[in-house]
Amino acid sequence: MGLSKWVFLIFAIHLFVAKHISSNPVLSPDELAQIPVNFLDVAKKPEIRDWMIDIRRRIHENPELGFEEFETSKLIRAELDRLGISYNYPVAVTGIVGFIGTGEPPFVAIRADMDALAMEERVEWEHKSKVPGKMHACGHDAHVAMLLGAAKMLQEYRHELQGTIVLVFQPAEEGSGGAKKMLEAGAIKNVDAIFGLHVSPAHHIGVVASRPGPTLSGSGFFEAIISGKGGHAALPQHTIDPILAASNVIVSLQHLVSREADPLDSQVVTIAKFQGGGAFNVIPDSVTIGGTFRAFSKESFAQLKQRIEEVVSAQASVQRCNATINFNADNKIIYPTTVNDKDLHEYFQIVAGNMLGPQNVREIQPVMGAEDFSFFAEVIPGYFYFLGMKNETQGPLESGHSPYFKVNEDVLPYGAALHASLATKYLLQHQPSPKRSIHDEL
């Protein structure tokens, strides 16, 4: 397991803790910077790397949708039991919250999502999904494996930790807001900060990318049923055509961004669903349309939601139709904007830069994708980043939510090491001030 480096890592951490209770610093900045490097070296050892790969493949073969991750959760609990890590279960149906360290402050959390997507895998390989119509097409299987990899390393020197690391295995990120449910269940009670990551096919292996402030947009979904009066297509005068009304609604909704939003305030309204009619010569009684809307500020998001409702109702009325609109279709909930804490951004740049080199820590523009990690980051300082896995020599990687999505498993040690480094150094740098005794006062 690279014993000499492993011993140095423990020794370095022990010395750094001592530095906080002594006026005589004993560890240089260069030695502190070596801690993330050592974590990465350990994570790349076959006994850690191959273990993570095996876990990731077992989860990939048996994908489960949001709040249905019972077998995934069982696998995680079995590994935590083998490692001797205590945990709470169930949390938000299938979620797990593990604990490593003293059980005392400070508390820092590292998080992974567990759920898969409802799609058929098109990648032909030995560990292809065995469940028809379900696939890990967003890398959550890798996220779980990396968090377990971090847990395995951290548990090895749990007695050296000066505080508590909280492992958050979260269900139902894909639209159902599992983070919100875990928050309500008290998953991050007493936690001072939380870190999360997502694998990225857009960035090279060994590269991380993020930004301070708004990073991922707030996201909502809507579905509208526009009702008219059906009839024969040759006699439209005897009908109230919901297809025409829906078409006008869609065109008008596009004006919300192009004519009502500040060009410097990024927003999106997209209609991606249109269902109506089943024959070439019959005007249907109703049409269903649906889509998503995105924005980076609460004010812009609320304004978009209000205007979508007004436009759908008004444009349907112009065409003599009625409209009902639902912002909770298929139990999807509204996700707030993911806002990265600025102090944690500076901290992340230092830790990731120590591990990967400053040139491999990139700052990106805000992304219109959404993440329910945002629920955590609304209540405590949070930081979410992208972990590159692109390697041209292994062929192109498809983006998430594609049936051809693949994970470059070389990324697993990087994620595990970053989780462990961010959590460990956070504890070291946020030690509570020692209480002064009456004798000290005198």
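It should be noted that the structure appears before, not after, this text.
Residues numbered from 1 in each chain as written. Predicted model: local features only at pLDDT ≥ 70, side-chain atom pairs only at ≥ 80, totals over all residues. Heavy atoms only, no water.

Engineer: Which parts of the structure should I look at to understand helix 4 (residues 70-83)?
Structural biologist: Along an α-helix, residues three or four apart share an orientation, since each turn contains 3.6 residues. Its 14 residues give helix 4 an end-to-end C-alpha distance of 20 Å, which sits within 8% of 20 Å, the value for a rise of 1.5 Å per residue. Along helix 4, the positions that sit buried rather than exposed are Thr72, Ser73, Leu75, Ile76, Arg77, Glu79, Leu80 and Leu83. Of the surrounding secondary structure, the elements contacted by the buried residues of helix 4 are helix 3 (46-61), strand 1 (86-91), strand 2 (95-101), helix 5 (140-156) and strand 4 (164-170). (Helix = DSSP H or I, 4+ residues; strand = E, 2+ residues; numbered from the N terminus. Expected span 1.5 Å × (residues − 1). Buried < 20%, exposed > 50% of the residue type's maximum accessible area, 1.4 Å probe, protein only. Contact = heavy atoms within 4.5 Å.)

Engineer: What is the right way to look at the packing of helix 9 (residues 342-356) against helix 11 (residues 412-429) in this model?
Structural biologist: Each pair of packed helices can be summarised by the angle the axes make with each other and by the distance between the axes. Where helix 9 contacts helix 11, the two axes come as close as 10 Å, and the packing angle between them is 125°. With respect to helix 11, the axis of helix 9 lies oblique. As helix 9 runs across helix 11, the sense of the crossing is right-handed. On helix 11, the residues that touch Leu344, Tyr347, Phe348, Val351, Ala352, Asn354, Met355 and Leu356 of helix 9 are Tyr414, Ala417, Leu418, Ser421, Leu422, Lys425, Tyr426 and Gln429. Here the residues of the contact of helix 9 with helix 11 sort into 12 nonpolar, three polar and one charged. (Axes fitted to C-alpha atoms, helices over the stretch in contact; angles between N-to-C directions. Parallel < 35°, antiparallel > 145°, perpendicular 65-115°, else oblique. Left-handed = near helix turned anticlockwise from the far one by under 90°. Nonpolar A, V, L, I, M, F, W, Y, C, P; charged D, E, K, R; others polar.)

Engineer: Help me understand the pattern of salt bridges, please; the structure alone is not making it clear to me.
Structural biologist: Charged atoms that come close allow side chains of opposite charge to pair. Taken as a whole, this structure holds 19 salt bridges when the rule is applied. Here Arg56 ties to Asp141 by a salt bridge, and the two come within 3.0 Å at their closest N and O atoms. On the criterion of sequence distance, the pair formed by Arg56 in helix 3 and Asp141 in helix 5 is long-range, its members being 85 residues apart. For the residue pair Arg56 and Asp141, the accessibility class agrees, reading buried in each case. (Salt bridge = Lys/Arg side-chain N within 4 Å of Asp/Glu carboxyl O.)

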